[in-house]
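# Observations on the model geometry
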Amino acid sequence: MVNINEWIYYYFIKDEDSLPFLIEYYRPAVTKLFYEKFSYTFKNYYTIDEYYSISDCTLIDCLSNYRFDYHNSFTKFYLHVLQNRMIDLFRTFSKKTFPYANLTVSLDSKIKEDSDEEYGNIISNPYACLVHDYVMGKIQKEHIFEKAKKELNELDYTIFILKQQNVRVSQIAQNLSLSQAAIRYHIKKIKIWLNQIDKE
């Protein structure tokens, strides 16, 4: 039996065989998802090979964003995010618009606090914008993360990171043993800091 968490660990220690293995391991589930949910909807937009390219990029993004304290397994997380990404792409095409990828740093909830949905649009979509804009957005986001680590105090930086991972205010408050009002106060402080960066 495959221990998927072990292979994820191999990926993070840069084992060169881990990513090909993970892609191959998830290919049957990814294929099943496509034919059950999207083959009719996307027949005018994507071939199966293009869908595989999207699913492979989504896998890499999910490996970077998954946290082991999520209640769901990585497999459930990955397939859920992939399904949401494909739905978002369909909506984009159906409206005949091509918005830029979500590469901004955000402290606002991407989901309703009382919703059962935990993942929403937390993964950027590199297929929704020009490659140049995607790359520049990634560079800018990395710069903000580095600056946050240097300039924010430990508590604010922790809250900042948790919000980027789409953790709810209520969960952050519970994890840090603080009130939700206190967490929102710190988020407001971080927003002021972010606005100052925008003016630089």
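Residues numbered from 1 in each chain as written. Predicted model: local features only at pLDDT ≥ 70, side-chain atom pairs only at ≥ 80, totals over all residues. Heavy atoms only, no water.

### Side note on the packing of helix α6 (residues 154-164) against helix α7 (residues 169-176)
Where α6 contacts α7, the two axes come as close as 11 Å, and the packing angle between them is 140 degrees. Compared by their axis directions, α6 and α7 come out oblique. As α6 runs across α7, the sense of the crossing is right-handed. For the pair formed by α6 and α7, the contact residues are Leu155, Thr158, Ile159, Leu162 and Lys163 on the first element and Val169, Ile172 and Leu176 on the second. (Axes fitted to C-alpha atoms, helices over the stretch in contact; angles between N-to-C directions. Helix = DSSP H or I, 4+ residues; strand = E, 2+ residues; numbered from the N terminus. Parallel < 35°, antiparallel > 145°, perpendicular 65-115°, else oblique. Left-handed = near helix turned anticlockwise from the far one by under 90°. Contact = heavy atoms within 4.5 Å.)

### A short note on the side chain of Asp61
Structurally, the position occupied by Asp61 is in helix α3 (residues 48-65). Judged by relative accessible area, Asp61 falls into the buried class, the value being 12%. Reaching out from Asp61, the side chain makes a polar contact with the side chain of Arg85 at a distance of 3.1 Å. (Buried < 20%, exposed > 50% of the residue type's maximum accessible area, 1.4 Å probe, protein only. Polar contact = N/O pair within 3.5 Å; in protein donor to acceptor, adjacent residues only side chain to side chain.)

### Points about α6
Residues of α6 that are buried: Asp156, Ile159, Phe160, Leu162, Lys163 and Gln164. Backbone nitrogen of Leu155 and a side-chain oxygen of the N-cap are separated by 3.2 Å at the start of α6; the cap is Asn153. Just downstream of α6, Asn166 is the residue with a positive phi angle, here 65 degrees.

### Description of the packing of aromatic side chains
Tallied over the entire structure, the rule returns 18 aromatic pairs. Ring geometry for Tyr26 against Tyr78: centres 5.2 Å apart, planes inclined by 70 degrees, an arrangement best described as edge-to-face. On the criterion of sequence distance, the pair formed by Tyr26 in helix α2 (residues 18-38) and Tyr78 in helix α4 (residues 74-94) is long-range, its members being 52 residues apart. According to the relative accessible area criterion, Tyr26 is buried, its value standing at 2%. Tyr78 sits in the buried class, given a relative accessible area of 1%. Ring pairing ties together the aromatic residues Trp7, Tyr9, Tyr10, Phe21, Tyr25, Tyr26, Tyr66, Phe74, Phe77 and Tyr78, which thus form one cluster. The aromatic ring of Tyr52 is capped on one face by Arg27, whose charged end is 4.2 Å from the ring centroid. (Phe/Tyr/Trp six-rings, centres within 6.5 Å; stacked < 30°, edge-to-face > 60°. Lys NZ or Arg CZ within 6 Å of the ring centre and 35° of its normal.)

### A few points about the packing of α2 against α3
Two elements in contact, α2 and α3, have axes separated by 10 Å at closest approach and are oriented at 125 degrees. Put simply, α2 runs oblique to α3. The hand of the α2/α3 crossing is right-handed. When α2 is examined against α3, the residues Leu19, Leu22, Ile23, Tyr26, Arg27, Val30, Thr31, Leu33, Phe34 and Tyr35 are found in contact with a partner set consisting of Ile48, Tyr51, Tyr52, Ser55, Asp56, Leu59, Ile60 and Leu63.

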